[in-house]
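Summary of structural features
Listed here are the chains, written in short residue letters.
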Protein chains: 4
Amino acid sequence: MKTKAIKIGNHLIGGEDFSIIAGPCSIESDEQFYSIAQFVKKQGAHFLRGGVFKLRTHPKSFQGLGWKAFPFAREISNQVGLPLISEVTDPRQIEPMMSLVDAFQVGSRNMFNYALLKELGKTKKPVILKRAFSARVEEWLSASEYLVGEGNADVILCERGIRSFETTTRNTFDLNTIAFLKRHSNFPIVADPSHATGISVLVEPMALAAIAAGADALMVEVHPFPSQALSDSNQALDFDQFKSLMKKARKILYALGRRLSEDEINRPVRAIEDFR
Amino acid sequence: MKTKAIKIGNHLIGGEDFSIIAGPCSIESDEQFYSIAQFVKKQGAHFLRGGVFKLRTHPKSFQGLGWKAFPFAREISNQVGLPLISEVTDPRQIEPMMSLVDAFQVGSRNMFNYALLKELGKTKKPVILKRAFSARVEEWLSASEYLVGEGNADVILCERGIRSFETTTRNTFDLNTIAFLKRHSNFPIVADPSHATGISVLVEPMALAAIAAGADALMVEVHPFPSQALSDSNQALDFDQFKSLMKKARKILYALGRRLSEDEINRPVRAIEDFR
Amino acid sequence: MKTKAIKIGNHLIGGEDFSIIAGPCSIESDEQFYSIAQFVKKQGAHFLRGGVFKLRTHPKSFQGLGWKAFPFAREISNQVGLPLISEVTDPRQIEPMMSLVDAFQVGSRNMFNYALLKELGKTKKPVILKRAFSARVEEWLSASEYLVGEGNADVILCERGIRSFETTTRNTFDLNTIAFLKRHSNFPIVADPSHATGISVLVEPMALAAIAAGADALMVEVHPFPSQALSDSNQALDFDQFKSLMKKARKILYALGRRLSEDEINRPVRAIEDFR
Amino acid sequence: MKTKAIKIGNHLIGGEDFSIIAGPCSIESDEQFYSIAQFVKKQGAHFLRGGVFKLRTHPKSFQGLGWKAFPFAREISNQVGLPLISEVTDPRQIEPMMSLVDAFQVGSRNMFNYALLKELGKTKKPVILKRAFSARVEEWLSASEYLVGEGNADVILCERGIRSFETTTRNTFDLNTIAFLKRHSNFPIVADPSHATGISVLVEPMALAAIAAGADALMVEVHPFPSQALSDSNQALDFDQFKSLMKKARKILYALGRRLSEDEINRPVRAIEDFR
């Protein structure tokens, strides 16, 4: 099916072209966030991700900086020119977050939180709806209807791995479902290989696999010093790894007859047919 | 481990004795709720369940009566003398529900909704925390810490079936986990064979199995005319089935050296040793 | 449905009454097997289990004693008067095993080994068909048709736990399926709480739960010194634990209006109605 | 890790280059097999697959042509010049199949059939060991040790989808595990998108995804008229679909700096750097 293009900030996600969402799991400080934002922008990323309210299994794990992170995160987003995407975890956060983020993210743990979805459905801001790690495709699409039904049709789906008996990797990356949804839904599909694998060296091959399966965007966790990250340190890419991923992503997209969104500099001048 | 006894309304759950929570999936009308409440009380149930805010996969499915159900539900609960338990789905419902219910229920879809749990942790009202159908035991216990950490230690766990590859039954009833938790937690454990099986004729044998595995209470869906129920019609017991279940539950409890809580009328006069 | 009674050696499994299959995971020596056989017989068991060909995940794990175990195992079985059940893992073992065992067991790993099943279908010896830890109910019943289709209708099904995302216990004991099969199949159903839990202290409560769910027999691993067992040492019951289980199993069966098969000594003299 | 190159017939699988294994699910007739063999050869495939002994869930489903298929299958394989790979399901088939096939395939249902694996380990013929749809990575690698331990180190692993709660697609294609194994094993890895998706239109995107994830070969079911196939009709590619897949597979491989094995005709003359 033809994929809808949705405007997040000043940039489109979906449609014909391919986008990159990058940033830290958690925003830890303005220095950290700025250095990442600058770097991923330079490599060609289109959107910034950064967790402010973190949902962690253990209540004593780092829960994110909370509200105090938004003023500087918003400013950095404006300065580097990348729209900001951050997770919302409580319907009462929506109103104050409206001016702070360019798109809401609903995490895997909240996909079934219909009270939150209904409230987000009343806004006009795009929502990246991550699949619950236990949701069947039809349940995921039904969850999207809680948004659409309230009036917000700017839904972007994000596959981030499901739970199976296999525990060697953090999750099982269900790329079948990406290929399936490209034929049965017109929502843009984001693939998150960071959470789907949980192992940084697997992020690059699985990001490329997600592109080949038909995803419209990648969401990737990047950190200058992954081992020091306050959350998800095993799965974040360092700067060199992210640079390598961007280079290979362009090649795979090119082979598929696609390209990075508004990526004029890197756009191949010859058509794909030239070297068939 | 010794199981904590927690007061819900005027009655204890946990501790030495066994309790029955019964009622409709959804409260549909005052007549429906009153007839069920009266019947289950007469059969020896200790608590009333009744859904007012229903979380349904499809937004167009019946979503419960909402706020208008509480005045009559509260009155019926008082009249028949059974404490009322109902599901909370949004942190903003907590304050107005405080005087309307005797215990909050957190449904399977919201076990990972930590914003809701933290807010419930600030109250002094017992919380029945259903296991997410995809939660590992340690994640379930960690979720309980969101309640306890905020000051509310009156947590009751409820196993209601997990998701596996087997789809013959609605869920896979994980009684292993009940047996495991009786040795590693002191929270009372409720077993919900209605959701765990999804098939009414399986509710009785699986309720008895849950008792044998060590559960402290059953939560059972009862409806006078299950086929006409607005939700979960396949799994509700009719009155005859509930009566049969209560009779057999007493026998199994007796065989295990346990009994229904404050069930003086039905208490066997001879000790278990008498007929060994 | 009415459950078929199948003769294994001189004793029936299925039908109205309840049976106990007990023995070591692996037969380790004649002393070990004899001491277990004697003990479980005295406690009221009806059949002996004992692994001779063990299927182990790692090829360097203990693989069972192999053929040399059969002469003494057969003799011990005859001497204590309990029919012998042992696992067959290769179609070429069937012919020589015909005179050595009273029933074949097909393990979980071989439920989908249709070449083995077809060959067993040509014999007249009962087959205990364990469910693959990944088999849906319909696949399990279809596997049984490979036996029946070849002419051997003496099939006994054994639920021994399935694989899910939950890894706290070795497997997830799918008692729902036992309750379901009692309504949709007339094969006797054995429950194996040893493999289904993998933790010896959980075997007793889950054995009782399986009885309550409707099983026709238990298969339990017993070892005089579980910690020294060459396989499955975490899940074997010691003699005291087995004795305790037998005592409680009798009580639960009694509460359900059932009894241990041909258990004249322990049969309650008063009918269940006497103390209703 | 550096991937081992293994000789199947006159051709290598693994090593640096990429291979294609194609053919019908079941060999149905000499005409059918010959037309497929010719076609896939012309498109650049390297190996022929063709089921002769089919393991089907229901004993009344088509079970393959059996022995009578081998004479013509062997002849067709020789004639078109593609080595023949076929499934073995019983240790007693190994000896007579030695001269008939160039590699044995062990299907998903038999990965845990260690008696079969041990016997194959005594031969010198390569074995394609499909992952059981329920096997953890470590169990799969342990199964390979049953082959290697007996003396046969020519093991090729094949990921063909695992079982999860998601049933929209036939299986969940675990490409994470391919990326993981490329870093932890030196066996060649085959990806089977036909069984992993069960839906023919998903085979192409998922085949490309598997290449991007790092697979060394594809195994694809091809049939001139899929809707008339005697088995797996939903997932077989027709000739046009296979042609399209081969074209795109070449492009993706090229983008990754790889190429089809001994694919001189189609080898790009310009290096990848030329059009960066």
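The structure we're discussing is the one just above.
To keep things clear, this report deals only with the structure shown in the data block. These numbers come from a predicted model, not from an experiment. (Residues numbered from 1 in each chain as written. Chains lettered and ligands numbered in written order. Predicted model: local features only at pLDDT ≥ 70, side-chain atom pairs only at ≥ 80, totals over all residues. Heavy atoms only, no water.)

**A few points about the interface of chain D and chain A**
The partner chain A presents 45 residues to the 44 residues of chain D that form the contact. Counting across the chain D and chain A interface gives 2 salt bridges. Between A:E166 and D:R131 there is a salt bridge whose closest N-O contact spans 2.8 Å. Run the count over chain D and chain A and you get 10 residue pairs in polar contact (both at pLDDT 80 or more). Going through the elements one at a time, α6 (175-184), α7 (193-197), α8 (200-213) and α9 (239-255) of chain D are the ones with two or more residues in the side of chain D that touches chain A. Looking at the side of chain D that touches chain A, its residues break down into 24 nonpolar, 9 polar and 11 charged. (Contact = heavy atoms within 4.5 Å. Salt bridge = Lys/Arg side-chain N within 4 Å of Asp/Glu carboxyl O. Polar contact = N/O pair within 3.5 Å; in protein donor to acceptor, adjacent residues only side chain to side chain. Helix = DSSP H or I, 4+ residues; strand = E, 2+ residues; numbered from the N terminus. Nonpolar A, V, L, I, M, F, W, Y, C, P; charged D, E, K, R; others polar.)

**Side note on the relation of the copies chain A and chain B**
Once chain A has been moved 0.0 Å along the axis and rotated by 180°, it coincides with chain B to within an RMSD of 0.0 Å. In symmetry terms, the pair is related by a two-fold rotation axis. Nearest to the rotation axis, the C-alpha of A:S134 is located 3.0 Å from it, this being the minimum over chain A. Here 100% of the contact residues of chain A are again contact residues in chain B; the copies associate through an equivalent surface. (Least-squares fit on C-alpha atoms with pLDDT ≥ 70 in both.)

**Here's the deal with the pattern of salt bridges**
Tallying each qualifying case throughout the model produces 64 salt bridges over all chains. Between A:R131 and A:E159 there is a salt bridge, with its nearest N and O atoms 2.8 Å apart. One end of the pair, A:R131, is in the loop between β7 (127-130) and α5 (137-149); the other, A:E159, is in strand β8 (residues 155-159), with 28 residues separating them in the sequence. A relative accessible area of 0% means that A:E159 is categorised as buried. Note that B:R92 and B:D90 form a salt bridge whose closest N and O atoms lie 2.7 Å from each other. Owing to a relative accessible area of 36%, B:R92 belongs among the partly exposed residues under this scheme. For B:D90, a relative accessible area of 8% gives the class buried. Three or more residues joined by partner-sharing salt bridges are found here, namely A:D90, A:R92, B:E119 and B:K122. (Buried < 20%, exposed > 50% of the residue type's maximum accessible area, 1.4 Å probe, protein only.)

**Structural notes on the side chain of B:D232**
All names here are of chain B. Inspection of the secondary structure puts D232 in the loop between β10 (217-221) and α9 (239-255). Accessibility expressed as a relative area gives 17% for D232, which makes it buried. Contacts of D232, omitting those with residues within four sequence positions, involve C25, R170, H195 and E221.

**Some details on empty space enclosed by the protein**
Applying the stated criterion across every chain, the model contains 7 cavities of 30 Å³ or more. Considering only enclosed or pocket space, the largest cavity measures out at about 160 Å³ in volume. Lining the largest cavity we find 18 residues, and of these A:S164, A:F165, B:F165, C:S164 and D:S164 sit closest to its centre. Here the lining of the largest cavity is built from residues that sort into 6 nonpolar, 8 polar and 4 charged. (1 Å grid on protein atoms, 1.4 Å probe; cavity = no way out; pocket = protein on both sides within 12 Å on 5 of 7 lines; lining within 4 Å. Points joined across faces, edges and corners; volume = space filled by probe spheres on them.)

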